[in-house]
4 protein chains.
Amino acid sequence: MTFVTSDSPIAAGYPKKRARTRRQLMNAGMTVLAQKGPDGATVGEIAREARVATGTFYNHFPSINDLVEAVTNELTTGVQIGRETLDQIENDPAVRVLVGTGQLLDLAQDDPESARAFVSLLATVPHFRDRVRSIIGGAIADGVTAGRFAERDVDFTVDALLGSVVQWMRTTLSDEANEQGARSDQFRIALSIVGVPARAHGPLLRRVV
Amino acid sequence: MTFVTSDSPIAAGYPKKRARTRRQLMNAGMTVLAQKGPDGATVGEIAREARVATGTFYNHFPSINDLVEAVTNELTTGVQIGRETLDQIENDPAVRVLVGTGQLLDLAQDDPESARAFVSLLATVPHFRDRVRSIIGGAIADGVTAGRFAERDVDFTVDALLGSVVQWMRTTLSDEANEQGARSDQFRIALSIVGVPARAHGPLLRRVV
Amino acid sequence: MTFVTSDSPIAAGYPKKRARTRRQLMNAGMTVLAQKGPDGATVGEIAREARVATGTFYNHFPSINDLVEAVTNELTTGVQIGRETLDQIENDPAVRVLVGTGQLLDLAQDDPESARAFVSLLATVPHFRDRVRSIIGGAIADGVTAGRFAERDVDFTVDALLGSVVQWMRTTLSDEANEQGARSDQFRIALSIVGVPARAHGPLLRRVV
Amino acid sequence: MTFVTSDSPIAAGYPKKRARTRRQLMNAGMTVLAQKGPDGATVGEIAREARVATGTFYNHFPSINDLVEAVTNELTTGVQIGRETLDQIENDPAVRVLVGTGQLLDLAQDDPESARAFVSLLATVPHFRDRVRSIIGGAIADGVTAGRFAERDVDFTVDALLGSVVQWMRTTLSDEANEQGARSDQFRIALSIVGVPARAHGPLLRRVV
DNA sequence: AATGAATGAGAGTTCATTCAT
DNA sequence: GATGAATGAACTCTCATTCAT
């Protein structure tokens, strides 16, 4: 299962070829965005990466900002889908936090391109960051309500959790050596941040490995 | 053989004025960098913000990159000095972590402009991020060595700590309402991240308030 | 794995239009280069002269230096072709020198724009001067080897010959009145420089008129 | 005896220090002009080379063009002086041509800096070239009138002579190895150009060695 | 729809010139 | 007179966007 689903709903209802070109541009956009960031990415380079003429870009996106927007939406849709799916199978908020955390850790290890785009856009596109934060905030608020997490300010807990996961992703993406064990460290940190006592860490970790 | 006998002219100029202009440029650079990031900032805008002609910029910095470098240096120097001072007065690594954390929280509340630059540049200038991380890493390694902190991977602990503080700063900078109490929440989170048991939080917090 | 299956787009564009624009830029480049020299010529002026937007220049030449390079290549290619053609029809080195000289004299009278560029660039673009000198040097070395020319230092003979022809071109280009007779004077000077005795001048001149 | 006299009449009548600063600027101007040409030379670099502040330049020259003009004048004054001096001591036009030629050859070997400036400015400053050509033209016209030279178009003879000498200078200035013998080759070329028969070369050469 | 040449606003940088000290 | 900081016009080059084919 991959984080970014290629049958994004946005592409629905268009003739095949148009959809294919659009997908090429989306993929290229993600690649280039991941490498250069939103300020370094140029329409020319995205079109070249997509094996398409510059002008073609504008048959699919009114401006470069709209491409960023679309990529961003797709990334968020992935998170959203992950969360909805989760709601149906798991009720313990602590496990949900670990699963969500694990999704991002997986992304960094399995699909570095998307992960790079995720991290890069998170740092630079405010509305993307806000959306991600609100998704995580929902999960944490549930945990607090359920008495499972410490009663801390939710926003700060979100920030701490997201911040630490993102830093972990960044490190993973830039390191060649991915030492094992680091993953469970990050899980423990996540649990610490939301306020699950250390003595409860062990059993929870066993459920998500 | 030449007629030239006079010595090279000594710098007799206007050090006051030069220094003042440079400071205007540094301040303007921080402001603009904070708002636009290093890619969005332009020499023209920085010069305008500094109430100075475009060309004047280049009397003080060889290129726009050097201004970024100078700003990050200044930001790091501030942290560095704080840390050195700290070394002389305080030995408990936990307190040192809290003081360091508090410095950044203070920055966000007392000098939003610098804080904005700090956060923005941390996300976008690798050189700067690395330097900050190595400073924090030193403090944490000390704590682990002293048996005061949990024995986790130092790098990930650094990422988690820095990430959560930075997210806190971001929120503070964008919120109008700065509720009190948040500060001690963040302190507790910081202690959780480095692995100081919750029962020890109270006394430590009292020492840095 | 990617959805992209279509081949890289083949260059289907508008080769006609592209070639025309490029020629406009080359012509404009020659004109402006001739008037202002390589240091005085600006992309803006060349584009204006070519009735084209500034940015269009960079669709055809990566930098202003490459335009200079292209212009000098074209100028040298003209001479080179002339020489190769010559090799096949004429063996007397003295005649070859006269034909080569005549080519440049013709250039000055028939295509003043190119001639101006030739003279201007010869004085200012070392790369171009060296190429021209080596072409002329080849012809003279042949003549010396064949015992047709005086045994002088080839390099200096080249300099003298080229120098005198260029000065002749310069004068022709700045004078309104092009008196006849001057041409044969220059032919005699050329023969003197390479060391063909004066008594042999008459018959040779008759062959190239 | 050097080509460029340091007690240029222009400096007369000023207080010592002013004159000295002006001379520093003239020397620096010649050096930089020779290295970078009139388009590459900047006021900043000339001032630095003269060990003087930028602003000082404008106490002596209203604009950078006036510095070029002044350097140019000085160079021409040197030629002029050489010619006037010559008028008093030598009547044979052929010898005068050889002495003039020799002056420039000497310059290239003894004072490369001035020589470089001479060559560089000759190619790029029209009014300088015109002045030099008129001086040489005078000498050649005299020779034709006296029946000493062939009756060729004076202007073309000037161009050929100046052109060949300048090319000789250029080569000398860029070569490390200055082979002897080249000098007399150039003398012979000069005599050929003005139309002195080869059999008369020997005695004339002996008079100027 | 796709193409890619053309466009022109805007960015970084240089440098002749001015001017307060 | 000398100084060097400040100025701003001009230059090279980039790139989002338009448009004829």
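Notes on the structure in this doc start here.

1. Notes on the relation of the copies chain C and chain D
- The two copies are related by a screw motion: chain C maps onto chain D through a turn of 177 degrees and a shift of 0.3 Å along the axis, at an RMSD of 0.5 Å. The symmetry that links the two subunits is that of a two-fold axis. When C-alpha distances to the rotation axis are compared across chain C, the minimum falls at C:Gly163, with a value of 2.0 Å.
- Here 100% of the contact residues of chain C are again contact residues in chain D; the copies associate through an equivalent surface.

2. What to know about the side chain of B:Gln186
- Its place among the elements puts B:Gln186 in helix α9 (residues 182-194).
- Those residues in contact with B:Gln186 that lie beyond four places of it in its chain are B:Thr101, B:Leu105, B:Ser164, B:Val165 and B:Trp168.

3. Some details on the relation of the copies chain A and chain B
- The transformation that overlays chain A on chain B combines an axial shift of 0.4 Å with a rotation of 177 degrees, and the residual RMSD is 0.5 Å.
- A high fraction, 100%, of the interface residues of chain A reappear at the interface in chain B, so the copies pair face to face through one surface.

4. Thoughts on the interface of chain C and chain D
- Contact residues are listed per partner, giving 21 residues for chain C and 21 residues for chain D.
- Note on chain C versus chain D: buried area summed over both sides is about 2,300 Å², and carbon and sulfur give 62% of it.
- Summed over the three residues of chain C that lose the most area to chain D, namely C:Phe156, C:Gln167 and C:Ile189, the buried surface amounts to 26% of that side.
- Counting across the chain C and chain D interface gives 0 salt bridges.
- Elements that contribute at least two residues to the side of chain C that touches chain D include exactly α7 (126-145), α8 (154-174) and α9 (182-194) of chain C.
- At 9 residues, α8(C) tops the list of elements feeding residues into the side of chain C that touches chain D.
- Each residue belonging to the side of chain C that touches chain D can be placed in one class, and the counts come to 7 nonpolar, 5 polar and 9 charged.

5. Some thoughts on the environment of A:His60
Residues and elements named next belong to chain A.
- Topologically, His60 is positioned in helix α3 (residues 54-60).
- Sequence separation between His60 and Met26 is 34 residues; the distance between their C-alpha atoms is 10.0 Å.
- Non-local contacts of His60, meaning those with residues more than four positions away in its chain, are made with Arg18, Thr21, Arg22 and Leu25.

Rules of the game
- Residues numbered from 1 in each chain as written.
- Chains lettered and ligands numbered in written order.
- Predicted model: local features only at pLDDT ≥ 70, side-chain atom pairs only at ≥ 80, totals over all residues.
- Heavy atoms only, no water.
- Least-squares fit on C-alpha atoms with pLDDT ≥ 70 in both.
- Contact = heavy atoms within 4.5 Å.
- Helix = DSSP H or I, 4+ residues; strand = E, 2+ residues; numbered from the N terminus.
- Buried area = accessible area lost by both parts, 1.4 Å probe.
- Salt bridge = Lys/Arg side-chain N within 4 Å of Asp/Glu carboxyl O.
- Nonpolar A, V, L, I, M, F, W, Y, C, P; charged D, E, K, R; others polar.

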